[in-house]
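# Fold and geometry: a report
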Amino acid sequence: MALKAFATHGFDGAGVRQIAADAGVDPSLIAHQFGSKADLWRAAVDLLSGQLASSIAVARPANDADLGQEQARQALSVAVSHLVDLTCENPLIAKFVMNEIVGQGERSEYVFAKLIRPPHDLLVPLIAAAGGGASRAIDPEVAFFAFNGAIVTAVASRPFLNRMSASAASEVYFRNQLKRAVLAQLLPDVGG
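These remarks concern the structure in this document. Since the structure is predicted, the reported quantities are computational estimates derived from the model, not experimental observations.

### Topic: the overall build of the protein
A tally of regular secondary structure across the protein gives 10 helices and zero strands. Its helices and strands taken in sequence order, the protein reads α-α-α-α-α-α-α-α-α-α from the N to the C terminus. Each principal axis of the C-alpha atoms in the protein carries an extent, and together these give about 55 × 40 × 25 Å. Put simply, 67% of the contacts in the protein that link residues at least 6 apart link residues at least 24 apart. Positive and negative side-chain charges in the protein, numbering 16 and 18 respectively, have mean positions lying 7 Å apart.

This is the structure we're talking about:
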């Protein structure tokens with residue numbers, strides 16, 4: 001309930017009393033379990049962080065010291081697939097990230113540390129090794145933020161896309177197309 005409230009209304013718009021009411025508990029229970037509203041918010045971020053870590057762990061190469069281009073491309077394809085699936089299965093993640101990452105301050109730093117930095121540290125070296133870096137004159141750092149932004153924006157704005165494309169209303173179609181679009185940007189010979 002807290003994640004939904006924070007994703008929908010942002011930190012300032014979400015109220016502990018409403019979160020408690022939606023969860024069917026007394027607000028004092030939330031205070032007892034989590035402390036402050038900020039602590040409840042951090043618990044929501046930590047929950048997302050755990051889901052993200054599980055999702056991208058499958059893309060971590062066993063030995064990335066000698067990672068070849070093809071291995072990096074395969075690992076990157078797996079990672080993108082899992083990130084798209086995770087975000088589609090829980091679209092609140094997209095809303096939550098969009099609400100928090102644009103701000104500056106303590107919450108934005110926490111989101112960066114928990115939700116942005118872990119996939120960044122795994123994927124930027126894969127992007128570079130996969131040929132998405134210097135060989136195509138694309139900065140792997142910029143590519144990382146561009147493809148993550150594409151996933152978050154596409155999932156968060158899906159209701160608009162559904163109004164423009166009847167086929168996009170299909171969950172399978174949408175996920176496959178989003179994966180193909182992102183991979184086509186990172187690995188041009190894969191997306192087609």
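### So, the layout of surface pockets
By volume, the largest pocket amounts to about 390 Å³. Lining the largest pocket are 19 residues, and of these Val 97, Leu 115, Ile 116, Asn 148 and Val 152 lie nearest its centre. The element that contributes the greatest number of residues to the lining of the largest pocket is helix α8 (residues 140–156), accounting for seven residues. Split by residue class, the lining of the largest pocket holds 15 nonpolar, four polar and no charged.

### A few points about the pattern of salt bridges
Going through the model one piece at a time under the given rule, you end up with 10 salt bridges. Residues Glu 171 and Arg 158 are paired through a salt bridge, measuring 2.6 Å at the closest nitrogen-oxygen approach. You can see Glu 171 sitting in helix α10 (residues 171–186) and its partner Arg 158 sitting in helix α9 (residues 158–164), a full 13 residues away along the chain.

### A closer look at the side chain of Asn 90
Mapping Asn 90 onto the fold places it in the loop between α5 (69–89) and α6 (92–101). Taking relative accessible area as the criterion, Asn 90 reaches 17% and is therefore assigned buried. If sequence neighbours within four positions are ignored, Asn 90 has contacts with Leu 3, Leu 48 and Gln 51.

### Quick look at α6
Burial in α6 covers these residues: Ile 93, Ala 94, Phe 96, Val 97 and Glu 100. The buried residues of α6 occupy an angular sector of 165 degrees when the element is viewed end-on, so they sit on one face.

### Structural notes on the side chain of Arg 158
Residue Arg 158 is classed as buried on the basis of its relative accessible area, which comes to 12%. A distance of 3.3 Å separates a polar atom in the side chain of Arg 158 from the backbone oxygen of Ala 169. Contact partners of Arg 158, with chain neighbours within four places excluded, come to Ala 168, Ala 169, Ser 170, Glu 171 and Phe 174.

Analysis parameters
- Residues numbered from 1 in each chain as written.
- Predicted model: local features only at pLDDT ≥ 70, side-chain atom pairs only at ≥ 80, totals over all residues.
- Heavy atoms only, no water.
- Helix = DSSP H or I, 4+ residues; strand = E, 2+ residues; numbered from the N terminus.
- Contact = heavy atoms within 4.5 Å.
- Lys, Arg positive; Asp, Glu negative; His and termini not counted.
- Charge placed at Lys NZ, Arg CZ, Asp CG, Glu CD.
- 1 Å grid on protein atoms, 1.4 Å probe; cavity = no way out; pocket = protein on both sides within 12 Å on 5 of 7 lines; lining within 4 Å.
- Points joined across faces, edges and corners; volume = space filled by probe spheres on them.
- Nonpolar A, V, L, I, M, F, W, Y, C, P; charged D, E, K, R; others polar.
- Salt bridge = Lys/Arg side-chain N within 4 Å of Asp/Glu carboxyl O.
- Buried < 20%, exposed > 50% of the residue type's maximum accessible area, 1.4 Å probe, protein only.
- Arc of directions from axis to C-beta.
- Polar contact = N/O pair within 3.5 Å; in protein donor to acceptor, adjacent residues only side chain to side chain.

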